[in-house]
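Given next are the chains, with one letter for each unit.
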Amino acid sequence: MDQAEQANQVPEGAIAVVGMSGRFPGAPGLAAYWANLRDGVCSLADFDAPAHEVGSKGILADADRFEEGLFGFNATEAAALDPQHRLLLETAWAALEDAGYDPLRAPARTGVYVGGSPTGHMLAAATDRGLAARIGATQVRILTDREFLAPWISYRLGLDGPSMNVQTACSTSLTAVHLAAQALLLGECDTALAGGVSVDSVLPAGYVHVEGGIFSPDGRCRPFDEKAAGTVPGNGVGVVVLRRLEDALADGDPVRAVVRGSAVTNDGSAKVGFTAPGVDRQTAAITEAWAAAGLDPARAQYLEAHGTGTELGDRIELAAAGAAFADARGHGAGIGLGSVKSNIGHLDAAAGIAAFIKTVLMLEHATLVPTVNVTAPHPALASSPFRLVTRAAPWPRPADRPGRLAGVTSVGIGGTNVHVVLEEAPRRPAVAEDGGAPVVLPLSARTEEQLRVLCRALADVLRAPGAPSPAAVAHTLWTGRTPLPVRTYVVAAGAAEAAEKLAAGVRDPHPLGEAWLAGEEAAPPAAPRGVRRVNLPGYPFAGERHGALSLAPEAARASAPGAEAGTEAVRETGAEGGTEAGMAAGVAAALREALGLDATDGAGGGLDRTYFEAGGDSLTAVHLVGRMRDEFGVDVPIDLFLEQLTLGAMVERIVALRAGDGELDALLDEFEAEESGS
């Protein structure tokens, strides 16, 4: 049976998970995430905190790093960009690579459905007058507000499907998966990215425990445990790539799991308070999702619960899920139950996608992983259809159906309940090898060190049991990676040979490989019939630390080094300074500040490039036009930024201009009118 024939035999409404990427506490990637889950690792970190706080959290390492050049941001923009935006951009890139698609040449009509949490950076940016003066208030907003999480992904990756921010509190990212699946089924897009991010702070920060509140007194989360007393906050990010299953099979995508159905409900007013969960509509979300899948909930083998470890939340969730899965009591040893919050904490807007990815990994590895920190399962479990999974165990395939089945639940403050039904990926026929003909494996990165990291990672994959064929690897690398400037290649007929050459840096001359090294644009070689894309190591991001803004007392902000120094320095050497040399220095400083240029960068001090080569854009140009008028009394035509002249020449032109250009005033008035109406 070929791929097209198999695609004609899929369940109606099935959605394939073809790519995934995520960063979670204790896990910079999904391989480490799986190893921690399998081994029952609690990745909550303990640290010193003020006496009134609990010093525990699920910390995301290197949350302030960002490779801005890969996405077309300059250094000033990267520093202003909220860490959640930075992380979500890189994770979306990595998820597309995992699906075998070039992130800058993704399939047409690719949609984006994501959400995030409030951040200290966003709040601090909104009140930072110096930042607004340097890059403009509008630019500050679009670089920091979570309203722009989805549009930045669509813009920087060139994705032209629907682009929507999703916000349902703790159930945000699983709601995003549901909405993306619905959009695919309705034909609104043909590929979709879905997920979420939550990074309230890039630094360790404790929390305050209040008796009767939601937070744990001892820094540990114990879902469905007799000693459950609260949750622990955490940070993380996750994105999945979804396609209609028939399309994924026909196109040779690497299917990791299948979404069979999903549903969203809200509790309405049928609960004790706004923040409290409700039973009936949680039950409805589960039963409606399994009905949408055309499956009996009694056939589930595992439920990844919301499982916050709070006494009220766990009790209500057990009652709701128990009602939905009641008929499972007569089937086997009961439904396995777990919650990833015990491992990594409660990731707020990213909690649902962390649970979803965990469940996909369990289906792939046919292994149930433990809920950690358990002292003894809650007594209410004894009369439920569930058994709390407390140690890793094989997940046998059921005898009465072709695939393993699981449910994933997420619940948000305010009452939005989501449930997704997941099934393991369909078994696909093995691809006949082509007799071991040598193939060219192209690799590229932005630096030599990143290229070495990529080569080592691919060599490790090719050495592992069940390694993909070189033909599949070559097909994926040629069609599913963005060509970058630092390049290499190897020629190999077998996986072991390819791994050896990658590790040793051996390169046998080959015309196609040499053309790749030279940067020539060439059509990728045709893949042998039936060869599919495969999951391979992705681009090894290696950005600099850009830190994050944080709220601080006004006096501390005002005295902070460089708080508003750039603006004031420009004003001191501005038009009022009385000399052309002083004005030129001020204009040059303003340009460098807005574009993140280093005055010590070569003989030109960063001004030997054109405006757009230096990372400028139209919005920053409008800001600079206003700044030139306000600080130097010069009306600069906006067209000046479009001309092919260096920034140094632009400084000379600006100094030579005289104030009083009425056309500029009209242009700014028109721009401000458009902004106020948007």
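Here the structure is a predicted model, which means the values were calculated and not measured. (Residues numbered from 1 in each chain as written. Predicted model: local features only at pLDDT ≥ 70, side-chain atom pairs only at ≥ 80, totals over all residues. Heavy atoms only, no water.)

A.B. asks: When you look at the overall build of the protein chain in this model, what are you seeing that I'm missing?
C.D. replies: Looking only at helices and strands, the protein chain features 24 helices and 19 strands. Since a compact globule built from 678 residues should have a radius of gyration of about 26 Å, the 27 Å found for the protein chain is in line with a globular shape. Along the first, second and third principal axes, the C-alpha set of the protein chain runs to 90 × 70 × 45 Å. Out of the 678 residues in the protein chain, the part that is buried amounts to 55%. In the protein chain, of all internal contacts separated by at least 6 residues, the share reaching a separation of at least 24 is 78%. Roughly 27,100 Å² of accessible area belongs to the protein chain as shown, and the carbon and sulfur atoms make up 54% of that amount. With 53 positive and 84 negative side-chain charges, the protein chain shows a separation of 8 Å between the mean positions of the two kinds. (Helix = DSSP H or I, 4+ residues; strand = E, 2+ residues; numbered from the N terminus. Rg over C-alpha atoms; globule rule 2.2 N^0.38 Å. Buried < 20%, exposed > 50% of the residue type's maximum accessible area, 1.4 Å probe, protein only. Contact = heavy atoms within 4.5 Å. Areas by Shrake-Rupley, 256 points an atom, 1.4 Å probe, with all protein chains shown as cover. Lys, Arg positive; Asp, Glu negative; His and termini not counted. Charge placed at Lys NZ, Arg CZ, Asp CG, Glu CD.)

A.B. asks: Honestly, the environment of Thr-482 in this entry has me stumped. Any pointers?
C.D. replies: Turning to its location among the elements, Thr-482 is positioned in the loop between helix H16 (470–479) and strand S18 (486–492). A sequence separation of 131 residues divides Thr-482 from Glu-613, and the C-alpha atoms of the two residues are 20 Å apart. Filtering out sequence-adjacent residues up to four positions away, Thr-482 remains in contact with Trp-93, Asp-102, Pro-103, Leu-104 and Ser-444. Here the side chain of Thr-482 touches Asp-102 through a polar contact of 2.4 Å, side chain to side chain. (Polar contact = N/O pair within 3.5 Å; in protein donor to acceptor, adjacent residues only side chain to side chain.)

A.B. asks: Please explain the pattern of salt bridges as it appears in this structure.
C.D. replies: Opposite charge on two side chains allows them to pair when their charged atoms are near. A full pass over the atoms with the stated rule returns 36 salt bridges. The shortest N-O distance in the salt bridge between Arg-220 and Asp-46 comes to 2.8 Å. Of this pair, Arg-220 sits in the loop between strand S7 (191–198) and strand S8 (236–244) while Asp-46 sits in strand S2 (residues 45–46); the two residues are 174 residues apart in sequence, bridging distant segments of the chain. Two residues, Lys-501 and Asp-508, come together in a salt bridge whose shortest N-O distance is 2.4 Å. Accessibility expressed as a relative area gives 13% for Lys-501, which makes it buried. (Salt bridge = Lys/Arg side-chain N within 4 Å of Asp/Glu carboxyl O.)

A.B. asks: It is not clear to me how the sheet that holds strand S15 (residues 405–411) should be interpreted in this structure. Could you clarify?
C.D. replies: Paired through backbone hydrogen bonds, the strands of a sheet run either parallel or antiparallel to each other. Ordered by their spatial adjacency, eleven strands build an open sheet running S6-S5-S7-S8-S1-S9-S16-S15-S10-S11-S13, and the pairing between neighbours is mixed. The sheet is open, and its two borders are formed by strand S6 (163–165) and strand S13 (386–388), each paired with just one other strand. With direction set aside, neighbouring strand axes in the sheet form an average angle of 25°. Two elements, strand S9 (residues 257–266) and strand S16 (residues 416–424), share nine bridges in a ladder whose sense is antiparallel. The residue bridging Ala-257 from the neighbouring strand is Glu-424, located in S16. (Pairing = 2+ DSSP bridges. Axes fitted to C-alpha atoms, helices over the stretch in contact; angles between N-to-C directions.)

A.B. asks: Looking at this model, I keep getting lost on helix H23 (residues 647–656). Mind explaining?
C.D. replies: Residues spaced three or four apart along an α-helix face the same direction, because each turn holds 3.6 residues. For H23, the complete set of buried residues consists of Leu-647, Met-650, Val-651, Ile-654 and Val-655. The buried residues of H23 occupy one face: seen down the axis, they fall within an arc of 135°. Along H23, the residues that are exposed and aim more than 90 degrees away from the buried face are Glu-652 and Ala-656. (Arc of directions from axis to C-beta.)

A.B. asks: What is the right way to read the pairing of strand S11 (residues 335–338) from this model?
C.D. replies: The two faces of a sheet get side chains in turn, since along a regular strand they alternate between them. Of the two faces of S11, both are covered, the one formed by Ile-335 and Leu-337 as well as the one formed by Gly-336 and Gly-338. In this sheet, S11 lies alongside strand S10 (residues 302–304) in parallel orientation, the contact comprising three bridges. By the bridge assignment for S11, Glu-304 is matched with Gly-338. Pairing analysis gives three bridges linking S11 to S13, with the strands arranged parallel. Bridging from a neighbouring strand, Ile-335 pairs with Phe-386 of S13.

A.B. asks: Can you walk me through the packing of helix H21 (residues 580–595) against helix H22 (residues 618–632) in this structure?
C.D. replies: A packed helix pair is summarised by two numbers, namely the angle formed by the two axes and the spacing between the axes. Relative orientation of the contacting elements H21 and H22 amounts to 150°, with a least axis distance of 11 Å. The angle between H21 and H22 falls in the class roughly antiparallel. Considering the relative orientation of H21 and H22, their crossing is right-handed. Facing Met-583, Gly-586, Val-587, Ala-590, Leu-591, Glu-593 and Ala-594 of H21, the residues of H22 in contact are Thr-620, Leu-624, Arg-627, Met-628 and Phe-632. By residue class, the composition of the contact of H21 with H22 is eight nonpolar, two polar and two charged. (Parallel < 35°, antiparallel > 145°, perpendicular 65-115°, else oblique. Left-handed = near helix turned anticlockwise from the far one by under 90°. Nonpolar A, V, L, I, M, F, W, Y, C, P; charged D, E, K, R; others polar.)

A.B. asks: Explain the packing of aromatic side chains to me, please; I cannot follow it from the model alone.
C.D. replies: Here a ring pair, both rings aromatic, is described through the centre-centre distance and the interplanar angle of the planes. Per the stated rule, a full pass over the model turns up 15 aromatic pairs. Seen from their ring centres, Tyr-539 and Phe-541 are 5.2 Å apart, and the 75° between their planes marks the pair as edge-to-face. On the basis of relative accessible area, Tyr-539 is assigned to the buried category, the value being 7%. A residue is classified by how much of its surface remains accessible, and Phe-541, at 23% relative accessible area, is partly exposed. (Phe/Tyr/Trp six-rings, centres within 6.5 Å; stacked < 30°, edge-to-face > 60°.)

A.B. asks: Mind showing me how you'd approach unusual backbone geometry here?
C.D. replies: Residues apart from glycine generally show negative phi values, whereas peptide bonds are mostly found in trans. Of note, Ala-169 is a non-glycine position whose phi angle comes to about 60°, a positive value. Of the residues examined, Ala-169 reaches a relative accessible area of 27% and is grouped as partly exposed. Here Asn-373, not a glycine, exhibits a phi torsion of approximately 65°, which is positive. Tracing the chain through its elements places Asn-373 in the loop between strand S12 (367–368) and S13.

A.B. asks: How should the environment of Thr-287 be read in this particular structure?
C.D. replies: If you trace the backbone, Thr-287 turns up in helix H11 (residues 280–293). Under the relative-accessibility criterion, Thr-287 is labelled partly exposed at 33%. Through-space distance from the C-alpha of Thr-287 to that of Gln-450 is 47 Å; in sequence the pair is 163 residues apart. Engagement of the side chain of Thr-287 in a polar contact is seen with the backbone oxygen of Ala-284, the distance being 3.2 Å.

A.B. asks: Any chance you could explain the confidence of the model for the protein chain here in plain terms?
C.D. replies: Do not read the predicted coordinates in detail wherever pLDDT is low. For the protein chain, per-residue confidence averages 89 on the pLDDT scale, and 90% of positions sit at 70 or higher. Every residue in residues 553–577 scores below 50 in pLDDT, and together they form 37 contacts with partners more than four places removed in sequence or on other chains. Low confidence marks residues 659–668, where pLDDT is under 50. Its contacts with residues over four positions away, or in another chain, come to 16 contacts. (pLDDT = per-residue confidence, 0-100.)

A.B. asks: Whenever I open this one, helix H15 (residues 448–463) confuses me. Can you help?
C.D. replies: Relative to the 22 Å expected for 16 residues at 1.5 Å per residue, H15 spans 23 Å between its end C-alpha atoms, a close match to the ideal helical length. Along H15, the positions that sit buried rather than exposed are Gln-450, Leu-451, Leu-454, Cys-455, Leu-458, Ala-459 and Leu-462. Buried residues along H15 sit against strand S17 (439–445), H16, S18 and helix H17 (495–504). (Expected span 1.5 Å × (residues − 1).)

A.B. asks: In this structure, what is going on with the packing of H21 against H23? I would like to understand it.
C.D. replies: The geometry of H21 relative to H23 is characterised by a closest axis approach of 9 Å and an angle of 135° between their N-to-C directions. On the basis of the axis angle, H21 is oblique to H23. Helix-helix and strand crossings are classified by hand; for H21 and H23 the assignment is right-handed. Contact residues: Glu-580, Met-583, Ala-584, Val-587, Ala-588, Leu-591 and Leu-595 in H21; Leu-647, Met-650, Val-651, Ile-654 and Val-655 in H23. Each residue belonging to the contact of H21 with H23 can be placed in one class, and the counts come to eleven nonpolar, no polar and one charged.

A.B. asks: Mind showing me how you'd approach the pairing of S15 here?
C.D. replies: With seven of seven residues buried, S15 lies mostly within the body of the structure. In S15, alternate side chains face the same way, and those of Leu-405, Gly-407, Thr-409 and Val-411 on one face and Ala-406, Val-408 and Ser-410 on the other are all buried. With three bridges connecting them, S10 and S15 associate as parallel partners. The residue bridging Leu-303 from the neighbouring strand is Gly-407, located in S15. Note: S15 against S16, seven bridges, orientation antiparallel. By the bridge assignment, Ser-410 is partnered in S16 with Val-418. Connecting the antiparallel pair S15 and S16 is a turn made up of four residues, with Gly-414 showing a positive phi of about 105°.

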